[in-house]
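# Understanding the architecture of this molecule
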Amino acid sequence: MWPNKPQFFGVRAAAANIGHSQGGYSAEMFRADFPQFFKDNGTGLVPETMLEEFLRQADAAIQPDKWTDGWRYACGLYAAHQATLYLRTFAESSATPAEAAATGALVGVMRSAKLGQDSVTYDTDPLTKATESWGDLNATQYGQLLATKARLVGMGGTYVI
């Protein structure tokens, strides 16, 4: 049987274009690539523990051997996407559970607005429909850029023995 022949070890994984490498995208790289997430004094707008988590996720999701030259940019986009989603839910403090829960409300594209009686209607369909297969990546411009790049990276054919 061919799987027992050493010359075929790893051929299936290599042919399938499935990588297993993990990068080392750092907070310093993110600070240089996306300074908008930092104050002028270098202090992050996202808590350090959360930023480190986003960077770990990026390292696990964006594999250098698959993304090659685009790896650093893709990791930055991933972290910026997650940081943006986090910051959308940020509040200095909440006086009530309802206020805390409101920070996580889904907000879509504004569909209509009235001036008399102050009415605003949001359309979340573009967000929810577009994310059926891409998770939450369509919820930020960073995520949209990452999804577009991911489609290009994933265009290569695969062959599994």
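Residues numbered from 1 in each chain as written. Predicted model: local features only at pLDDT ≥ 70, side-chain atom pairs only at ≥ 80, totals over all residues. Heavy atoms only, no water.

### Points about unusual backbone geometry
Phi angles above zero are rare outside glycine, and Thr68 is one such case at about 45°. Examined against the element boundaries, Thr68 turns out to sit in the loop between helix H4 (64-67) and helix H5 (71-88). (Helix = DSSP H or I, 4+ residues; strand = E, 2+ residues; numbered from the N terminus.)

### With respect to the confidence of the model for the protein chain
Per-residue pLDDT for the protein chain averages 79, and the proportion of residues at 70 or more is 69%. When pLDDT is averaged over each helix and strand of the protein chain, the minimum, 51, is found for helix H1 (residues 11-15) and the maximum, 97, for helix H2 (residues 27-33). (pLDDT = per-residue confidence, 0-100.)

### So, the pattern of salt bridges
A complete count under the given rule lists two salt bridges for this structure. Asp33 serves as the salt-bridge partner of Arg72, at 2.8 Å between the closest nitrogen and oxygen. Separated by 39 residues along the polypeptide, Arg72 in helix H5 and Asp33 in helix H2 bring together distant segments of the chain. Overall, the relative accessible area of 34% leaves Arg72 in the partly exposed class. Note that Glu53 is salt-bridged to Arg56, the shortest N-O span being 2.8 Å. Of the two residues, Glu53 and Arg56 are both situated in helix H3 (residues 48-61); the distance of three residues between them amounts to about one turn of the helix. Residue class for Arg56 comes out partly exposed when judged on its relative accessible area of 48%. (Salt bridge = Lys/Arg side-chain N within 4 Å of Asp/Glu carboxyl O. Buried < 20%, exposed > 50% of the residue type's maximum accessible area, 1.4 Å probe, protein only.)

### Description of the nonpolar core
Of all hydrophobic cores here, the largest spans 26 residues; its most connected members are Phe30, Phe34, Phe37 and Leu146. At the level of secondary structure, the elements contributing two or more residues to this core comprise H2, H3, H5 and helix H8 (141-153). Element by element, the count of residues in this core is highest for H5, at eight residues. Beyond its immediate chain neighbours, meaning those up to four positions away, Phe34 contacts Tyr25, Gly76, Leu77, Ala80 and Tyr142. (Core = buried A, V, L, I, M, F, W, Y, C linked by side-chain atoms within 4.5 Å. Contact = heavy atoms within 4.5 Å.)

### Regarding the packing of aromatic side chains
Scanning the entire structure with this criterion turns up seven aromatic pairs. When the ring of Tyr25 is compared with that of Trp71, the centres are 6.1 Å apart and the planes differ by 80°; the resulting orientation is edge-to-face. Of this pair, Tyr25 sits in the loop between H1 and H2 while Trp71 sits in helix H5, and the two are 46 residues apart along the sequence. In this pair, the class of Tyr25 matches that of Trp71, namely buried. (Phe/Tyr/Trp six-rings, centres within 6.5 Å; stacked < 30°, edge-to-face > 60°.)

### Thoughts on the environment of Tyr25
A relative accessible area of 3% places Tyr25 in the buried class. Separated by 46 residues in the primary sequence, Tyr25 and Trp71 have C-alpha atoms spaced 9.0 Å apart. Here Tyr25 is in contact with Phe30, Asp33, Phe34, Leu55, Asp59, Trp71, Arg72, Cys75 and Gly76, once residues within four sequence places are set aside. In this structure the side chain of Tyr25 is engaged in a polar contact, spanning 2.9 Å, whose partner is the side chain of Asp33. (Polar contact = N/O pair within 3.5 Å; in protein donor to acceptor, adjacent residues only side chain to side chain.)

### So, H8
In a regular helix each residue adds 1.5 Å, so 13 residues correspond to 18 Å; H8 covers 18 Å between its end C-alpha atoms and thus fits that length. Taken together, the buried positions of H8 are occupied by Tyr142, Gly143, Leu146, Ala147 and Ala150. Looking straight down H8, one finds its buried side chains confined to an arc of 130°; they lie on one side. What points out from H8, more than 90 degrees from its buried face, is the exposed set Gln141 and Leu152. If you follow the buried residues of H8, they end up packed against H4 and H5. (Expected span 1.5 Å × (residues − 1). Arc of directions from axis to C-beta.)

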